[in-house]
Protein chains: 2
Amino acid sequence: MATGRTHRPATRSRGIPEATVARLPLYLRALTALSERSVPTVSSEELAAAAGVNSAKLRKDFSYLGSYGTRGVGYDVEYLVYQISRELGLTQDWPVVIVGIGNLGAALANYGGFASRGFRVAALIDADPAMAGKPVAGIPVQHSDDLEKIIEDNGVSIGVIATPAGAAQPVCDRLVAAGVTSILNFAPTVLSVPDGVDVRKVDLSIELQILAFHEQRKAGEEHAAADGGGPAAATRTDSAEQGPDGDVPAVMPA
Amino acid sequence: MATGRTHRPATRSRGIPEATVARLPLYLRALTALSERSVPTVSSEELAAAAGVNSAKLRKDFSYLGSYGTRGVGYDVEYLVYQISRELGLTQDWPVVIVGIGNLGAALANYGGFASRGFRVAALIDADPAMAGKPVAGIPVQHSDDLEKIIEDNGVSIGVIATPAGAAQPVCDRLVAAGVTSILNFAPTVLSVPDGVDVRKVDLSIELQILAFHEQRKAGEEHAAADGGGPAAATRTDSAEQGPDGDVPAVMPA
DNA sequence: GATTGTGAAACGCTTCACAGCT
DNA sequence: AGCTGTGAAGCGTTTCACAATC
């Protein structure tokens, strides 16, 4: 029994808040860009602007990782890249399978951002026999009959589902049964998974609907725009938050 | 003058919390499925399970929209579908342009979830002259030289950016200059936009990195799994949250 | 008896503001 | 003088628990 916590108090893994975890990849991207330009150090202010968050939040986030900065100076770029990579588990190689090689699956297979972050597309899987053997992004597509074997042979623990909605749950079940414990779901369905499996989902249509909501509001609000006067109008909001990142990611501890 | 709030107290548009707005599409999807099966009413418990949230949250969410349920009975499915659609602005037609017709852009163009939700792909735009005229998802690709004209002619206010990272900001600037006020960004960059423009972003690699973080933790935690005994092990977590939905969407009021 | 709608408590995240270090 | 690291306050969200309603 040990601690006896049945449904986990909330997902804060070893003291790092989920909201912070969700931003680490953002910082990492900004830092990588700085690193490529051979910038040696950054202040929280500069890095925050590059990542699109505010500096107090960034400093608080980093404080959960440890004291990696130098007061009066800033953060060492290379050192931070390493620390964040390590924290995210990107110093190791993650074999990933993509199931469902339609337009989206192909796009994912071709996406450069994976390889550069420690993710390796170990296999592409599709249910269509006509696809079998056909190379996509230089990787031959394999038939879904062999899904279990592929997972086991490659030691895959992360699976990406890019199938139509109807196929997602069966595919998910097979992935999990074969040993996958993290799933990124692009199919517009709620997946049921056993305890210990994490699911994250990306739903393209949902994002558009949220935009439509705000867009609709704008149309019905032709006043605040006109009365503030002209001057401070077209200023860019460089450091504002954007997108579904100020997450409460709710990674399903399941 | 009016209220005099300069930088918006936080993005709660007309009393509906952002977190709630982000879940409305989820409820809508579940309700649509029930509607297709001709289910007349649902309880908060049932609908919550179908949407992957808990029922208290769902009831609270609906309470912001009004009192649309009947105590002792539940919610009328058709009525709720209508109310949520209206709230999200989906009863009107939203012309959308997709810029960058690579693998991802093509996948988006072919994605069925748009059309069924009031979104209409008004145009596909790409910078490659070789693509011009080529039909993708039945829509001929147009050259980006004509971007401004396309936006204006079609009255487009929502743009989707699926270009490489380097092209995203220039494309964004042109979209905004031409009148687009909501942007869904798939390029791995932070976009700067003027006030009044909303940006949401979807970053495939970030989602995987978050999964990797949790995956790494699992590997170093071989104890809670083994000692709880066998019985209650393989139970499905049907109603748990999943993915980046328990959002604080942080739609950039910009 | 069942189920909604909602105050109030609990929780986690963000922001402030400044002490502490270089 | 400059910038980090962080307690404490402020806010928004979730959850609880029960009165109101059918």
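All figures in this text were calculated on a predicted structure; none of them were measured in a lab.

A. Looking closely at the protein's contact with DNA strand C. Residues in contact with DNA strand C amount to 26 residues; listed here are only the nearest, Arg23 and Asn54 of chain A together with Ser44, Gly69 and Tyr75 of chain B. Within 4 Å of the protein, the contacting atoms of DNA strand C are 66% sugar and phosphate, with bases supplying the remainder. Between Tyr68 of chain B and DNA strand C, the recorded distance is 3.4 Å, taken from a backbone N or O atom to a phosphate oxygen. Side-chain polar atom of Tyr75 of chain B to a phosphate oxygen of DNA strand C: 2.8 Å apart, as the coordinates give it. Contributing elements (two or more residues each) for the surface near DNA strand C: helix H1 (18-36) and helix H3 (55-65) of chain A together with helix H3 (55-65), strand E2 (69-70) and strand E3 (74-76) of chain B. For the surface near DNA strand C, the residue count by class is seven nonpolar, nine polar and 10 charged.

B. Representation of the packing of aromatic side chains. Residues and elements named next belong to chain B. By the definition in use, this model includes eight aromatic pairs over all chains. With a centroid separation of 5.2 Å and 85 degrees between ring planes, the pair formed by Phe62 and Tyr75 is classed as edge-to-face. Of this pair, Phe62 sits in helix H3 while Tyr75 sits in strand E3, and the two are 13 residues apart along the sequence. Aromatic pair Tyr68 and Tyr79: ring centres 5.4 Å apart, planes at 80 degrees, arrangement edge-to-face. Taken together, the residues span a long stretch of sequence, with Tyr68 in the loop between H3 and E2 and Tyr79 in helix H4 (residues 77-88) at a distance of 11 residues. Given a relative accessible area of 17%, Tyr68 falls into the buried group.

C. Local environment of the protein's contact with DNA strand D. Surveying the vicinity of DNA strand D reveals 27 residues, the closest of which are Ser44 and Tyr75 of chain A together with Arg23, Asn54 and Arg71 of chain B. Restricting attention to atoms of DNA strand D within 4 Å of the protein, one finds that 66% of them are sugar or phosphate atoms. Within the side chain of Tyr75 of chain A, a nitrogen or oxygen atom sits 2.7 Å from a phosphate oxygen of DNA strand D. A distance of 3.4 Å is found between a phosphate oxygen of DNA strand D and a backbone nitrogen or oxygen belonging to Ala19 of chain B. Going through the elements one at a time, H3, strand E2 (69-70) and strand E3 (74-76) of chain A together with helix H1 (18-36) and H3 of chain B are the ones with two or more residues in the surface near DNA strand D. Grouping the constituent residues of the surface near DNA strand D by class yields seven nonpolar, 10 polar and 10 charged.

D. Molecular detail of the nonpolar core. Counting 114 residues, the largest nonpolar core has Ile84 of chain A together with Ile84 of chain B as the members making the most contacts within it. Not counting residues up to four positions away in its chain, the partners in contact with Ile84 of chain B are Leu24, Tyr27, Leu28, Leu31, Phe62 and Leu65 of chain B.

E. Seen up close, the pairing of strand E11 (residues 198-201) of chain A. Residue and element names in this part refer to chain A. Burial of the side chains of E11 extends over both faces: Asp198 and Arg200 are buried on one face and Val199 and Lys201 on the other. For strand E9 (residues 182-185) and E11, the ladder comprises four bridges, and the chain directions are parallel. Its bridge partner being in E11, Ser182 is matched across the sheet by Asp198.

Cut-offs applied
- Residues numbered from 1 in each chain as written.
- Chains lettered and ligands numbered in written order.
- Predicted model: local features only at pLDDT ≥ 70, side-chain atom pairs only at ≥ 80, totals over all residues.
- Heavy atoms only, no water.
- Near = heavy atom within 4 Å.
- Polar contact = N/O pair within 3.5 Å; in protein donor to acceptor, adjacent residues only side chain to side chain.
- Helix = DSSP H or I, 4+ residues; strand = E, 2+ residues; numbered from the N terminus.
- Nonpolar A, V, L, I, M, F, W, Y, C, P; charged D, E, K, R; others polar.
- Phe/Tyr/Trp six-rings, centres within 6.5 Å; stacked < 30°, edge-to-face > 60°.
- Buried < 20%, exposed > 50% of the residue type's maximum accessible area, 1.4 Å probe, protein only.
- Core = buried A, V, L, I, M, F, W, Y, C linked by side-chain atoms within 4.5 Å.
- Contact = heavy atoms within 4.5 Å.
- Pairing = 2+ DSSP bridges.

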